[in-house]
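# Analysis of the macromolecular model
Chain by chain, the residues:
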Amino acid sequence: MRVAALLVLLLPAVAHAQPERLPRYEVGRRLKAFEAAWEKVDDPAARERALAVLPSATKQFFAFDLPGAGRTLDLATFALASDAGPSAGRQWVWSLDAVPERRVIDGAATELAVTVRPLYPVKGERPKALELQLWFTNRDVVTVRPREFPVTVKVPVPPLGDARGLDRKLYVLADGAKELRPVAVGVSQVADLSARVAALAKAADGWEKLETIEQATVRDRSRVLAGLVAGDAPDSDLPAAGLLANAEAMLDGEPFFTPARHGQFWLSVPLGGKKSVACRVFVPKGLDRSKPVPVVVALHGVGVGASAFFEAYGAGRLVKECEDRRWVLVAPECGLGLAAPPVAEVVAALGARYPLDPKRVFLVGHSMGAALALDLAATGGYAGVAALGGGGRLAKPGGLAVPVFVGVGDSDPYALAGARSLNKALAAAGAKALTYKEYPGVEHLVIVREALPDALAVFDRAAAK
């Protein structure tokens, strides 16, 4: 791994150890809100304003200043909407962060404590008439007018009824200074929560080794669910009730992940013994065993996870691109990025379930993931690679005998110099079908959204051969 990246590779571990100081969920939510707003705005002037703000977010993120990064993302979202700076009142409303006591609660619970507080400080007085409304259903809305923050509110939880579990939304509306700020936070309600999670863990502990995708998935899900029961805060919304119910169904020994089930999945692939790699996967509808399809393997950047390509980067743009092409998308968890995940083993295991074309496996990576994608491509067996906002140096640049796309923003202080050096080294080594592109005004975050169409065009040409 490149030495320059080692300093920031500590971020996931530090964030996990200090969830209160580093609120990754809330910053991730604001990043997704920005990405969604970006998709709705095609005014070049508005996008230019936002791009002028964004570089600070990347610097703050890498400096562990996640509250600061959250504020910058909000300012970038404001910039997309107007060239007038936001008032202090508007910033106050947007700064608020709603933190449920638990993200997974037992079905017998009748209320949930939610703490609301500013994620970042705002210069100027908060709105005098600031009002908060919190609810799961519009029949049980709790309204408070806090005099100070943080404030903790008990929100009624609706009964489960006959359901064994529901993945709900906790709605929080901040109203002040003629500004309404609605937020939805995922909260799962599960009947007999502790007993069911314990039973799942007991079943997984009984396996001497993980032999199937279902076993690996059950084992890994039992650990995630146990953490949520203990109060862990996930980085993004997880449909825990659905994940638990599906894991329980996998205990019958029958294949759960098959072409008959299409859509998005969280699953784990066994690697021998009790080792596994967790992935998020998109499977298109109507796969035919007689018609193998291409696969895109997406490798995320530092400090985020596999869900980034599904929920954040370009508001899930890569999922839409694969859906339009009827390609399979696989995003493995890359951990600290000290070594590339075992992509060949993952694709082989999934190829036993789905009609995947082993000759049309494409790699795309962002930041740290770009370096990992290039390392993998150099080993052979892949049909193309796209390095977005990263890449670094290759020990043997001549080893890339497949189409290569390198995309970087010309306002990216972290990746621009490395991308230019990489381009020169690949060109000098005679890399096959090398495409290099710099995107004017684009920095480290937006590069994925802006470069994906060009990267996919390279993959399209390779897939058609």
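Residues numbered from 1 in each chain as written. Predicted model: local features only at pLDDT ≥ 70, side-chain atom pairs only at ≥ 80, totals over all residues. Heavy atoms only, no water.

Okay, the environment of Gly389 next. Within the secondary structure, Gly389 sits in the loop between strand S14 (384-388) and strand S15 (404-409). With relative accessibility at 1%, the residue Gly389 sits in the buried group. A sequence separation of 299 residues divides Gly389 from Arg90, and the C-alpha atoms of the two residues are 33 Å apart. Each residue touching Gly389, except ones within four places of it in the same chain, is listed here: His366, Ser367, Gly407, Asp412, Ala415, His444 and Ile447. (Helix = DSSP H or I, 4+ residues; strand = E, 2+ residues; numbered from the N terminus. Buried < 20%, exposed > 50% of the residue type's maximum accessible area, 1.4 Å probe, protein only. Contact = heavy atoms within 4.5 Å.)

With that out of the way, let us pick up the side chain of Thr77. Following the sequence through the fold, Thr77 ends up in helix H5 (residues 66-81). Those residues in contact with Thr77 that sit more than four places away from it in its chain are Phe34, Ala37 and Trp94.

A few words on helix H15 (residues 447-463). Here H15 spans 23 Å end to end across 17 residues, near enough to the 24 Å set by a 1.5 Å rise per residue. The axis of H15 is deflected most strongly, by about 35°, at Pro453. Of the residues making up H15, those classed as buried are Ile447, Val448, Arg449, Ala451, Leu452, Ala455, Leu456, Val458, Phe459, Ala462 and Ala463. (Expected span 1.5 Å × (residues − 1). Bend = angle between axes of the 7 residues up to and from the residue.)

For the coordinates displayed, the defined rule picks out 11 aromatic pairs. For the ring pair Phe257 and Phe265, a centre distance of 5.8 Å and an interplane angle of 85° mean the geometry is edge-to-face. The two residues Phe257 and Phe265 agree in class, both being buried. Grouping aromatic residues by their ring pairs yields a cluster made of Phe61, Phe62 and Tyr414. Here the guanidinium or amino end of Arg181 rests over the ring plane of Trp94, the centre of that ring lying 3.6 Å away. In this structure, Arg261 packs its charged tip against the face of Phe256, placed 3.8 Å from the ring centre. (Phe/Tyr/Trp six-rings, centres within 6.5 Å; stacked < 30°, edge-to-face > 60°. Lys NZ or Arg CZ within 6 Å of the ring centre and 35° of its normal.)

Quick look at the pairing of strand S1 (residues 96-100) now. Buried residues dominate S1, accounting for 4 of its 5 residues. Examined bridge by bridge, S1 and strand S3 (residues 111-118) share 5 bridges and lie antiparallel to one another. When the sheet's bridge partners are listed, Leu96 is paired in S3 with Pro118. (Pairing = 2+ DSSP bridges.)

Attention shifts here to the sheet that holds strand S13 (residues 356-366). Spatially, S9-S10-S12-S11-S13-S14-S15-S16 is the arrangement adopted by the 8 strands of the open sheet, whose pairing is mixed. The sheet terminates laterally at strand S9 (263-270) and strand S16 (434-439), the two strands that pair on one side only. The mean inter-strand angle of the sheet, taken between neighbouring strand axes irrespective of direction, is 20°. Taken together, the 4 bridges between S14 and S15 define a ladder with parallel strand orientation. Its bridge partner lying in S15, Ala387 is registered against Val406. The strands touched by helix H12 (residues 343-351) within the sheet are S9, strand S10 (276-283), strand S11 (293-299), strand S12 (328-332) and S13, with S13 carrying the most contacts at an inclination of about 135°. Its contacts with the sheet put helix H14 (residues 416-428) on S15 and S16, and the angle it makes with S16 is roughly 160°. (Axes fitted to C-alpha atoms, helices over the stretch in contact; angles between N-to-C directions.)

Without other data, these values stay purely geometric and don't point to any function.
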